[in-house]
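Remarks on the overall topology
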Amino acid sequence: MCSIPITEINFIVMQTINLSEKLSLFTDHFNPRVVGELNGQQVKLVKFKGEFVWHHHDGEDELFYVVKGSFDMHLRDKVITINAGEFLIMPRGVEHKPVATEEVEIMLFEPATTLNTGNVQNELTKKELKHL
Ligand code: NI
């Protein structure tokens, strides 16, 4: 007997997710899309180009995995370059600012509650993320 209620099964979609295919569905920058959810965390895809805003997250660690391209994560005391095939975990509370001179494609893994601009709210803030 299956003990998972039917209503919950409806949300479990067992299929592979192709990152390139999902990334081909949008072209804008600094506007994350949700492509997966598990354990209260979300898997998001985003493209960066240009300079983001300095911010931090009080209660959330963020993982940035570079799918294609590279970008610089500016911290107050140093800059860390993240290349394709690499990821960086940004601990909660640490101020950071992503800067991408060329377009970069990124997979994020972070709690569903994470706001892209953290403690800052401005025109770059995305409160409602689209699911792909
Ligand atoms: Ni952040």
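Residues numbered from 1 in each chain as written. Predicted model: local features only at pLDDT ≥ 70, side-chain atom pairs only at ≥ 80, totals over all residues. Heavy atoms only, no water.

Tallying each qualifying case throughout the model produces six salt bridges. Between Glu95 and Arg76 there is a salt bridge whose closest N-O contact spans 2.9 Å. Placement of the pair is Glu95 in the loop between β6 (87-90) and β7 (97-111) and Arg76 in the loop between β4 (70-74) and β5 (79-83), with a sequence separation of 19 residues. (Salt bridge = Lys/Arg side-chain N within 4 Å of Asp/Glu carboxyl O. Helix = DSSP H or I, 4+ residues; strand = E, 2+ residues; numbered from the N terminus.)

As a further point, take the coordination of the nickel ion. Those donors, His55 (NE2), His57 (NE2), Glu62 (OE) and His96 (NE2), are the protein atoms that reach the nickel ion, and they lie 2.1 Å from it. One way to put it: the four donor atoms around the nickel ion meet at angles of 84 to 175°, and that makes the site irregular. Positions of the donor residues of the nickel ion along the chain correspond to the pattern H-x1-H-x4-E-x33-H. As far as the burial class goes, His55 and His57 line up, both buried. (Donors = N, O, S within 2.8 Å, 3.2 Å for Na, K, Ca; no water. Tetrahedral: all angles 85-135°; square planar, octahedral: opposite > 155°, others 65-115°. Buried < 20%, exposed > 50% of the residue type's maximum accessible area, 1.4 Å probe, protein only.)

This paragraph deals with the side chain of His55. Considering the arrangement of structural elements, one finds His55 in the loop between β2 (41-51) and β3 (62-68). Here His55 falls in the buried class, since its relative accessible area comes to 2%. Engagement of the side chain of His55 in a polar contact is seen with the side chain of His57, the distance being 3.1 Å. When neighbours within four sequence positions are excluded, His55 is seen to be in contact with Glu62, Val94, Glu95, His96, Pro98, Asn116, Thr117, Gly118, Asn119 and Val120. (Polar contact = N/O pair within 3.5 Å; in protein donor to acceptor, adjacent residues only side chain to side chain. Contact = heavy atoms within 4.5 Å.)

Below, the discussion takes up the nonpolar core. Phe48, Phe64, Phe71, Met73, Val104 and Ile106 are the most contacted members of the largest nonpolar core, which totals 17 residues. For this core, the secondary structure elements donating two or more residues are β2, β3, β4, β6 and β7. The element that contributes the greatest number of residues to this core is β7, accounting for four residues. Apart from residues lying up to four places away in sequence, Met73 is in contact with Phe64, Lys78, Val79, Ile80, Ile82, Leu88, Met90, His96, Lys97 and Pro98. Formed by five residues, the second largest nonpolar core is a distinct cluster that contains Phe26, Val35, Val43 and Leu45. (Core = buried A, V, L, I, M, F, W, Y, C linked by side-chain atoms within 4.5 Å.)

Looking now at the environment of Arg76. Taking the relative accessible area as the measure of exposure, Arg76 reaches 54% and is therefore exposed. In this structure, the C-alpha to C-alpha distance between Arg76 and Lys97, residues 21 residues apart in sequence, is 9.0 Å. Apart from residues no more than four positions distant in its own chain, Arg76 is found in contact with Trp54 and Glu95. Here Glu95 takes part through its side chain, which lies 2.9 Å from a polar atom of the side chain of Arg76.

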